[in-house]
Amino acid sequence: MWPRLLCPCCHTPEQMDAALASRWVFFNPNRIMANFGGDPKAAFAWWCEWVFSAAQRGPGKKQVIVPEVWRHCSPNTIPMGLASIAQAGRELGIELVVDTQRPNALHSSITGAVTEVVAFKLMDPLALKALEGIFLSAGIEADVAEVSALAPGKFIAWNRLSGGRLAGEVF
């Protein structure tokens, strides 16, 4: 996301703290992984702790975006830092936004906190079954067949809190 918004990407805690003033902090763990012995899980765990700590320093809403979140969890395990953001982050104004092409690989700490679902075309039967489970647990009345029938670039979004539904296209 940071290249599209023409924002600098942070690679050190100092850069991240300085970026807070701009209200845009983008973190790419690739350059900092050397500090963690090349372990992406350790770098991600550190980042989650930094997010939780930074969120305590200021009021207001904070959006935390984790692309392809399945890389950091499984249906059976989730890093404690990500679980804290998903489960306790609301108290600090954290809104967790995740994306995945593999909803079947997500932990219930994430799927159980869903308030909105934006779905593009999914074809994998396991992914569709997981999406159906997310709909059920979130109280969303939707048919996964609709999701599998979407044309490229089209989406359907549901809001659990309002019951609203929106369809559109990005290209």
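Summarised in this report is the structure supplied together with it. (Residues numbered from 1 in each chain as written. Predicted model: local features only at pLDDT ≥ 70, side-chain atom pairs only at ≥ 80, totals over all residues. Heavy atoms only, no water.)

### Focus on the sheet that holds strand E5 (residues 165-169)
- The strand order across the open sheet formed by 3 strands is E3-E4-E5, and the pairing between neighbours is antiparallel. Strands at the two margins of the open sheet, each flanked by one partner only, are strand E3 (116-119) and E5. Strand-to-strand, the axes of this sheet are offset by a mean angle of 15 degrees, without reference to chain direction.
- Pairing between strand E4 (residues 154-159) and E5: 5 bridges, direction antiparallel. Within E5, the residue paired with Trp158 across the bridge is Arg165. (Pairing = 2+ DSSP bridges. Helix = DSSP H or I, 4+ residues; strand = E, 2+ residues; numbered from the N terminus. Axes fitted to C-alpha atoms, helices over the stretch in contact; angles between N-to-C directions.)

### Details of the packing of aromatic side chains
- Inspection of every chain in the model, using the stated rule, returns 7 aromatic pairs.
- For the ring pair Phe27 and Trp46, a centre distance of 5.7 Å and an interplane angle of 55 degrees mean the geometry is tilted. Of this pair, Phe27 sits in the loop between helix H1 (13-19) and helix H2 (40-55) while Trp46 sits in helix H2, placing them 19 residues apart in sequence.
- With relative accessibility at 16%, the residue Phe27 sits in the buried group.
- What links up through ring pairs into an aromatic cluster is the set Phe27, Phe36, Phe44, Trp46 and Trp47. (Phe/Tyr/Trp six-rings, centres within 6.5 Å; stacked < 30°, edge-to-face > 60°. Buried < 20%, exposed > 50% of the residue type's maximum accessible area, 1.4 Å probe, protein only.)

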